[in-house]
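Here is how the chains run, residue by residue.
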Amino acid sequence: MPSFPKSVSIHEEGPREGFQFEKTPVPTGRKIELIDALSKTGLKSIRIASFVHPKAVPGMADSEDVVAGITPQPGVEYQGMWFNERGLQRALSTKRLSMKAGITLCASDAFLKRNKNRTQEEDIAMHHKLIAMYREYEIRIKTVAISSAFGCNFQGEIELSYVLDLLQKALAIAAEEGLTIETIALYDTMAWATPRRIQAAVGAVQDRYPDHRVSLHLHNTRGMGIANAFAALEMGVADFDASVGGLGGCPFANHHGAAGNVCTEDLVFMCEEMGVSTGIDLEAMIDCARLAEDIVGHPLPGSLMKSGSLARLRNRTTAAAE
């Protein structure tokens with residue numbers, strides 16, 4: 001029998017994952033509008049900005065203004081992303097973010113070059129520099145992650161054995177730096193995963209590192225996002241990244257564009273219908289998805305924003321019967 005968790009943690013990536021990907025600039029005020037709405041849904045973690053070079057990712061050029069403009073809600077962690085010392089300094093300068101960090105290695109040399117313009121050796125060296133800064137600013141480091149863990153549009157298949165070797169290398173960096181790692185994250189950056197591959201990878205990580213929590217960052221480019229999340233739930237995974245409305249994608253990950261993370265409201269719906277608690281108000285999340293679609297001005301792939309939840313239909317049919 002599947003070992004479904006009783007509850008899951010869903011980390012919202014839409015404001016960062018989505019607005020970095022839009023070809024038409026999104027006004028700062030509308031970004032803030034969506035973040036503030038998401039803050040009232042029950043989400044506990046929202047990544048709202050990426051501190052990268054504005055020429056490389058123009059959609060994130062206003063990250064400081066976005067962070068300054070939000071209305072923080074109690075109990076919600078607002079997070080950022082960075083790839084180097086300059087980005088970290090920018091994030092720190094906002095003085096409004098929950099500063100958490102991890103060690104992320106990339107299983108694809110080709111994508112690492114496109115995304116960060118580094119070799120594996122240069123990337124590892126940068127991690128050591130960043131860890132020194134994390135210590136200086138007392139930033140928590142509890143996660144190691146492998147990006148492009150299932151395949152790469154520029155390099156092809158990524159063997160599970162190589163992912164496990166790279167994971168061991170990431171954990172060795174953590175051990176060398178005296179860090180205690182709690183979570184191992186696998187990123188399906190370019191949507192090469194299938195349910196069978198998810199279960200093989202998660203099972204291998206759980207067997208090798210039974211004391212670590214497993215987290216998944218799933219993309220829906222090939223329509224496998226929810227199926228892959230279900231496969232992971234069967235393995236007891238209780239930690240997922242997701243994107244409201246299915247916003248976004250990585251601008252460096254796909255020749256023809258890449259869909260965003262698994263859709264937040266669709267994931268919430270599936271979990272709640274299976275008795276797995278998310279702590280998220282589904283109707284409020286659906287409203288956020290519709291808001292996100294209005295903000296970007298084009299259709300988003302989420303299903304619940306179009307069909308509505310079963311709860312409303314149940315209430316309607318019950319009322320009609322009475």
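Residues numbered from 1 in each chain as written. Predicted model: local features only at pLDDT ≥ 70, side-chain atom pairs only at ≥ 80, totals over all residues. Heavy atoms only, no water.

S.K.: In this structure, what is going on with unusual backbone geometry? I would like to understand it.
M.R.: Note on backbone geometry: most residues besides glycine have negative phi, and most peptide bonds are trans. Within the chain, E138 stands out as a residue other than glycine whose phi angle is a positive 55 degrees. Along the polypeptide, E138 turns up in the loop between α6 (120-136) and β5 (140-147). The exposure class of E138 is exposed, given its relative accessible area of 74%. Non-glycine residue S148 carries a positive phi angle of around 50 degrees. Note on placement: S148 falls in the loop between β5 and β6 (151-152). (Helix = DSSP H or I, 4+ residues; strand = E, 2+ residues; numbered from the N terminus. Buried < 20%, exposed > 50% of the residue type's maximum accessible area, 1.4 Å probe, protein only.)

S.K.: Quick question: what am I supposed to make of the packing of helix α2 (residues 28-38) against helix α11 (residues 282-296) here?
M.R.: The relative placement of two packed helices comes down to the angle between their axes together with the axis-to-axis distance. As a packed pair, α2 and α11 sit with axes 10 Å apart at the nearest point and diverge in direction by 175 degrees. Considered as vectors, α2 and α11 are oriented roughly antiparallel to each other. For the pair α2 and α11, the contacting residues are R30, E33, L34, A37 and L38 in the first and M285, C288, L291, A292, D294 and I295 in the second. For the contact of α2 with α11, the residue count by class is eight nonpolar, no polar and three charged. (Axes fitted to C-alpha atoms, helices over the stretch in contact; angles between N-to-C directions. Parallel < 35°, antiparallel > 145°, perpendicular 65-115°, else oblique. Contact = heavy atoms within 4.5 Å. Nonpolar A, V, L, I, M, F, W, Y, C, P; charged D, E, K, R; others polar.)

S.K.: Help me out: how do you make sense of the pairing of strand β8 (residues 183-188) in this one?
M.R.: Every regular strand shows the same layout, with side chains that alternate between the two sheet faces. In terms of residue burial, β8 counts as a mostly covered element, since five of its six residues are buried. Here four bridges tie β5 to β8, and the two strands are oriented parallel to one another. Bridge assignment links T143 to a residue of β8, and that residue is T183. Note: β8 against strand β9 (residues 213-218), six bridges, orientation parallel. Among the inter-strand pairings, A185 is bridged to a residue of β9, identified as S215. (Pairing = 2+ DSSP bridges.)

S.K.: Hey, could you run me through the nonpolar core in this one?
M.R.: For soluble globular proteins, the rule of thumb is that nonpolar side chains tend to be buried together. Counting residues in each nonpolar core, the largest one holds 95 residues, and the members touching the most others are L34 and F240. Not counting the four nearest positions on each side in its chain, L34 is found in contact with F19, V244, L247, C288, L291, A292 and I295. In this structure, C106, L112, C152 and M190 belong to the second largest nonpolar core, which totals five residues. (Core = buried A, V, L, I, M, F, W, Y, C linked by side-chain atoms within 4.5 Å.)

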